[in-house]
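# Understanding the architecture of this molecule
Read off the chains here:
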Amino acid sequence: MRIHLIAVGKRMPGWVEAGFEEYRRRMPPECRLELVEIAAGQRGKGADLARLQREEGEKMLAAIPRGAEVVALEAGGKRVDTEGLSRWLEGWLAGGRDVALLVGGPEGLAPDCLARADRRWSLSLLTFPHPLVRILVAEQLYRAMSILKGHPYHK
């Protein structure tokens, strides 16, 4: 099974790439974590933000692997603790389907992405910068996997 983290934004700072890579490489072979970066539209004075969000959403939808369960990361989604995430992960592993986690740009996910989602997940009531979300998600997936494997990392 593969988890595809599909995120708007390219050319992240080195600390973001290093943080994500640290947890990505810790994932076991039966649950690979892959990053798919979607180029963000050019924002600036007078930019049509709704159009940019829609275009980014179209690219995200096109990047979802066929048959994958789609999880939209968004503020209004379900909040779960790490044990709850480990139960989701256990179900994903048992189901054998790939999973696509969608992380939108500055304006959030396009409505079409939210409509396509099988599930919505909120990391917190706090607002996080999009680059940091990549690291948070990767770490939490590794932590959830450590619970399933009985590894002491979670303690």
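This is a predicted model, so every value here is computed, not measured.

What counts and what doesn't
- All residue numbers refer to positions counted from 1 along the written sequence of the respective chain.
- Restriction of local features to residues with pLDDT of at least 70 applies here, the model being predicted, together with a cutoff of 80 or more for giving and counting side-chain atom pairs; totals for whole chains, interfaces and linings are based on all residues.
- Working from all heavy atoms in the structure, the side-chain values ignore hydrogens and water.
- Pairing of aromatic rings covers Phe, Tyr and the six-membered ring of Trp, with a centre-to-centre limit of 6.5 Å; geometry is then stacked below 30 degrees between planes, edge-to-face above 60, and tilted otherwise.
- Note on conventions: DSSP H or I runs of at least 4 residues are helices, E runs of at least 2 residues are strands, and numbering of each starts at the N terminus.
- Remark: a charge is flagged as sitting over a ring if the NZ atom of Lys or the CZ atom of Arg is within 6 Å of the ring centre and within 35 degrees of the ring normal.
- Nine residue types can take part in a nonpolar core, namely buried Ala, Val, Leu, Ile, Met, Phe, Trp, Tyr and Cys, and a core is a set of them joined through side-chain atoms within 4.5 Å.
- Relative accessible area decides the class of each residue, using a 1.4 Å probe on protein chains only: under 20% of the type maximum gives buried, over 50% gives exposed, and in between gives partly exposed.
- Residue contacts are counted whenever heavy atoms from the two residues lie within 4.5 Å of one another.

## A short note on the packing of aromatic side chains
Going through the model one piece at a time under the given rule, you end up with 3 aromatic pairs. Aromatic pair Trp88 and Trp92: ring centres 6.2 Å apart, planes at 45 degrees, arrangement tilted. In this pair, Trp88 and Trp92 are both assigned in helix H3 (residues 82-95), 4 residues apart and thus about one turn of the helix distant. Of the aromatic side chains, those joined through ring pairs into one cluster are Trp88, Trp92 and Trp121. Sitting over the ring of Tyr142, Arg26 keeps its end group 5.2 Å from the ring centre.

## What about the nonpolar core?
In terms of nonpolar packing, the biggest core is built from 25 residues, with Ile3, Leu33, Trp92, Leu101, Trp121, Val137 and Leu141 touching the most fellow members. Listing elements by their share of this core, those giving two or more residues are strand S1 (2-8), helix H1 (14-26), strand S3 (69-79), H3, strand S4 (99-103) and helix H5 (130-149). With 7 residues, the top contributor of residues to this core is H5. Every residue in contact with Val137, bar those within four places of it in the chain, is listed here: Leu5, Leu73, Leu101, Trp121 and Leu123.

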